[in-house]
Amino acid sequence: MKKIGTLLILLLSVTTLIAQEKGIVVNYSQQIKFDLEKAKEEIANSQNKRVQSMVNSALAGVSKNTYPFQLITTVNSSTYNRIEKIDNRQNEGTVTLSLGGESTPKYIDLNNKIYYQKVKNFDEEYEIKDSLTHYDWKITREAKKVLGFDCRKATAKDGKKDIIAWYAPKLPYKSGPDGITGLPGLILELTIKSNNKKQRVAHLWATDVQIKENINIKFPEFENPITQKDFQIKREEMFKKFKEMQSQGVEKD
């Protein structure tokens, strides 16, 4: 009986460990800057005067604002999400942007290198399930401290984007903001430069790091998931229809 009791205790302990893992919660601030003059030139081509007015007003404050995000990660999985806060300046033409243009939580399966996310395109909601992007990281000798942690610099390219990451080797989690992963340590600072007409630069930096003993990340259940590529096609189709409505002089209240 004593052996059976000991076995039950061990089984319960293992179950608890599986359900709850040790992990880290990281709060980030994000700031986005881009060539405002070139962006305004593109907006000026729109025939919808109401859209021109709204976007031009919003662009004035984009590069001045910062937006809070949070990463919750264990060795096996993570979630990344924008923290919604009341902004009393929203009537002054502020706008919220993120790395991927989405504000919904992103769930990441680090073992299988898959991510899940529900996103909205106009009034339609889509379920995305796709592989994580593989980055060919180049680790440099440059080093600095971020929040007191020794960090190393790593660089990578993703199409027309240049990525600069500062990761902490002593925090053994291969996670980072917005599903950017694959380094031998947690990414505490990140810069993404888009080499296109707008020259957009997104900069994220950790403002707080908390080590947690018990973290339980539950992945969402999807019924009809599509890939990021398929979602991009659908989004472009909807945007094309929107532009056609503009060219026909259709304006919505």
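Refer to the structure above for everything that follows.
Colleague: Quick question: what am I supposed to make of the packing of aromatic side chains here?
Modeller: The geometry of two aromatic rings is summed up by the distance between their centres and the angle between their planes. Using the criterion set out here, one finds six aromatic pairs in the structure. A centroid spacing of 5.3 Å and a plane angle of 10° characterise the contact between Phe-69 and Tyr-80, whose relative ring orientation is stacked. Of this pair, Phe-69 sits in strand E2 (residues 67-73) while Tyr-80 sits in strand E3 (residues 77-82), and the two are eleven residues apart along the sequence. Considered together, Phe-69 and Tyr-80 belong to a single accessibility category, that of buried residues. Between Tyr-116 and Phe-219 the ring centres are 5.5 Å apart and the planes differ by 50°, which places this aromatic pair in the tilted class. Of this pair, Tyr-116 sits in strand E5 (residues 114-121) while Phe-219 is found in the loop between strand E11 (201-215) and helix H4 (228-247), placing the two residues 103 residues apart along the sequence. Under the relative-accessibility criterion, Tyr-116 is labelled buried at 15%.

Colleague: So what exactly am I meant to see when it comes to the environment of Phe-219 here?
Modeller: The exposure class assigned to Phe-219 is partly exposed, which follows from its relative accessible area of 28%. Along the sequence, Phe-219 and Ile-108 sit 111 residues apart, while their C-alpha atoms lie 8.3 Å from each other.

Colleague: Just to check I follow, could you spell out the pairing of strand E10 (residues 186-194) for this structure?
Modeller: Within E10, eight of the nine residues are buried, leaving the element largely enclosed by the surrounding structure. As defined by bridge partners, strand E9 (residues 161-168) adjoins E10 across eight bridges and the pair is classed as antiparallel. For Ile-163, the partnering residue across the bridge sits in E10 and is Ile-192.

About the cut-offs
Residues numbered from 1 in each chain as written. Predicted model: local features only at pLDDT ≥ 70, side-chain atom pairs only at ≥ 80, totals over all residues. Heavy atoms only, no water. Phe/Tyr/Trp six-rings, centres within 6.5 Å; stacked < 30°, edge-to-face > 60°. Helix = DSSP H or I, 4+ residues; strand = E, 2+ residues; numbered from the N terminus. Buried < 20%, exposed > 50% of the residue type's maximum accessible area, 1.4 Å probe, protein only. Pairing = 2+ DSSP bridges.

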